[in-house]
Amino acid sequence: MNKDRKLLIAGNWKMNKTASEGAALVQGLYLELAGTKQLEIDIVVCPPFTALSEVSKVLVDPKIRLGAQNMSEHNYGAYTGEIAAGMLREFGVRYVILGHSERRQYFHETDEIISRKAIAAHAAAIKPIVCVGELLAEREGGLTEQVVGKQLRGSLAGLSKEQMAETTIAYEPVWAIGTGKTATAQQAQDTHAFIRRLLVELFDDTVARRVRIQYGGSVKPANAKELMSLPDVDGALVGGASLEVRNFSDIVKNSI
Ligand code: PGA
């Protein structure tokens with residue numbers, strides 16, 4: 001792999017796994033990934049909030065890092081049911097998924113909210129993974145770049161160049177999430193290259209070359225190698241296949 005960006009493979013467990021199930025999954029991953037060097041790839045698991053504590057206790061080797069699936073844009077206060085970045089840091093959370101399409105769709109998160117969350121994450125030294133992606137009708141209507149471009153301009157607004165360089169973008173076509181349909185290599189590469197060009201415009205060339213752009217949407221062991229070898233694909237955000245030791249570890253192994 002001759003990319004200057006290190007691959008970042010993250011497992012988004014969504015609303016799956018109790019604390020004890022999550023800890024067992026991570027222990028299984030360590031066994032399967034014993035031969036992988038930390039220098040080769042960044043691996044992140046993103047359990048539900050309720051499993052962060054137990055999972056953090058078994059993350060003894062920095063080969064696997066901890067991520068969260070969401071956080072509040074606020075630092076503290078009267079926001080019933082919300083969780084702040086500082087609370088996540090206490091468990092050693094290093095990454096946070098922001099603006100996943102399920103959050104946008106079911107919880108009405110807007111680009112403006114996502115940008116405020118990204119700024120709050122950086123303030124707490126947590127690296128955001130900002131998700132973008134088009135619906136099927138939008139792709140079929142030839143609107144992919146317009147939609148993804150608008151999401152990025154809004155969600156990344158207010159980030160400094162230094163913060164952007166430490167931010168990951170996950171391109172997840174909504175029609176590929178949990179459906180078994182993956183974007184073709186050409187579709188993924190074209191959109192990733194578009195995203196990188198936009199980063200040059202919004203930030204600069206140096207930032208654009210540093211930012212990791214993950215692909216997400218039905219990534220599995222069988223398609224990981226091809227997707228990860230694309231010039232502008234720098235990792236994967238994996239949902240369903242991250243819930244099983246064998247599937248997730250095979251995705252990691254096939255990507256190196
Ligand atoms: P999937 O989910 O891998 O199950 O398609 C990806 C995601 O939602 O991040």
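The structure presented is a predicted model; accordingly, all values stated were derived computationally and were not measured. Along each chain, numbering runs from 1 in the same order as the chain's sequence is written. At least 70 in pLDDT is required for a residue's local features to be given in this predicted model, at least 80 for side-chain atom pairs to be given and counted, and no such filter applies to totals for whole chains, interfaces and linings, which use all residues. Remark: hydrogens and water are excluded; side-chain values derive from all non-hydrogen atoms of the structure.

Trainee: Quick one: what's the story with the side chain of E172, residue by residue and with numbers?
Mentor: As for its position among the elements, E172 is in the loop between β6 (168-171) and α9 (185-202). Lacking a salt bridge, the buried E172 has K14 as its closest oppositely charged neighbour, with an N-O distance of 6.5 Å. The criterion used for residue contact is that any of the two residues' heavy atoms lie within 4.5 Å. Look past the residues within four positions of E172 in its chain and what remains in contact with it is H100, C131, V132, G133, E134, I177, G216, G217 and L237. Here a strand is any run of E in DSSP of at least two residues, a helix any run of H or I of at least four, and the numbering for each starts at the N terminus. Only protein chains enter the accessibility calculation, which uses a 1.4 Å probe. A residue is then buried if its area is under 20% of the maximum for its type, exposed if over 50%, and partly exposed in between. Two residue types count as positive, namely Lys and Arg, and two as negative, namely Asp and Glu; His and chain ends fall outside the count. A side-chain nitrogen of Lys or Arg and a carboxyl oxygen of Asp or Glu constitute a salt bridge if their distance falls within 4 Å.

Trainee: Requested: an account of the site of the ligand, with residues and values cited.
Mentor: As a matter of local geometry, the ligand sits amid 13 residues, with K14, H100, E172, G178 and S218 nearest to it. Within the side chain of K14, one N or O atom sits 2.7 Å away from an oxygen atom of the ligand. Polar contacts, as used here, are pairs of N or O atoms within 3.5 Å; protein pairs need one atom able to donate a hydrogen and one able to accept it. Residues neighboring in sequence count only if both atoms are side-chain atoms. E172 has a polar side-chain atom sitting 2.6 Å from an oxygen atom of the ligand. Values of accessible area rely on a 1.4 Å probe in the Shrake-Rupley scheme; residue burial ignores everything except the protein chains shown. Calculation on the ligand without its partners gives an accessible area of 280 Å², and the protein chains cover 95% of this total. When grouped by side-chain class, the residues that make up the shell around the ligand number four nonpolar, seven polar and two charged. Note on definitions. A residue lies near a molecule or strand when any single heavy atom of the residue is within 4 Å of it. Note on residue categories: nonpolar means Ala, Val, Leu, Ile, Met, Phe, Trp, Tyr, Cys or Pro, charged means Asp, Glu, Lys or Arg, and polar means any other residue, Gly included.

Trainee: Would you mind going over helix α1 (residues 19-32) in detail, with residue names and values included?
Mentor: To estimate how far a helix should extend, the number of its residues minus one is multiplied by 1.5 Å. Taking 1.5 Å per residue, 14 residues should reach 20 Å; α1 reaches 20 Å between its end C-alpha atoms and fits that length. Considered for burial, the residues of α1 that qualify are G22, A23, L25, V26, G28, L29 and Y30. Those residues of α1 that are buried lie in contact with β2 (41-46), α2 (52-58), β3 (64-68) and α12 (245-255).

Trainee: Tell me about the sheet that holds strand β7 (residues 212-216), residues and numbers included.
Mentor: Pairing between sheet strands relies on hydrogen bonds along the backbone, with the strands arranged either parallel or antiparallel. In spatial order, the strands read β1-β2-β3-β4-β5-β6-β7-β8; together these eight strands close into a barrel with parallel pairing. In this sheet, neighbouring strand axes are inclined to one another by 25 degrees on average, regardless of whether the strands run parallel or antiparallel. One ladder, built from four bridges, connects strand β1 (residues 7-12) with strand β8 (residues 235-238); its direction is parallel. Bridge pairing links L8 to G235 in β8. For helices, the axis comes from a line fit to the C-alpha atoms of the stretch in contact; other axes are also lines fit to C-alpha atoms, and the angle between any two N-to-C directions lies between 0 and 180 degrees. Lying over the sheet, α12 contacts β1, β2 and β8, oriented at roughly 170 degrees with respect to β1. Between any two strands, pairing holds if DSSP finds at least two bridges.

Trainee: An account of the packing of helix α5 (residues 111-123) against helix α7 (residues 144-155) is requested, with residue identities and associated values reported.
Mentor: Two numbers describe a pair of packed helices, the interaxial angle and the distance between the axes. The contact between α5 and α7 brings their axes to 7 Å, and the two run at 45 degrees. When the axis of α5 is compared with that of α7, the two are oblique. Taken as a pair, α5 and α7 cross one another with a handedness that is right-handed. The segment α5 lies against α7, with D111, I114, S115 and A118 engaging K150, Q151, G154 and S155. Each angle gets one of four labels, with under 35 degrees taken as roughly parallel, over 145 as roughly antiparallel, 65 to 115 as roughly perpendicular, and the rest as oblique. Crossings are sorted by hand: turned counterclockwise from the far helix by less than a right angle, the near helix makes the crossing left-handed, and turned clockwise it makes it right-handed.

Trainee: Explain the nonpolar core to me, and be specific about the residues and the numbers.
Mentor: Counting residues in each nonpolar core, the largest one holds 68 residues, and the members touching the most others are V45, L156, M164, I169, I195, L199 and Y215. Among the elements that make up this core, the one with the highest residue count is α9 (six residues). In this structure, L199 is in contact with L156, M164, I169, D204, A208 and V211, ignoring residues within four places of it in sequence. The nonpolar core is taken to be a set of buried Ala, Val, Leu, Ile, Met, Phe, Trp, Tyr and Cys residues, with the residues joined through side-chain atoms within 4.5 Å. Counting residues in each nonpolar core, the second largest holds 10 residues, with V44, C46, I97 and I129 among its members.

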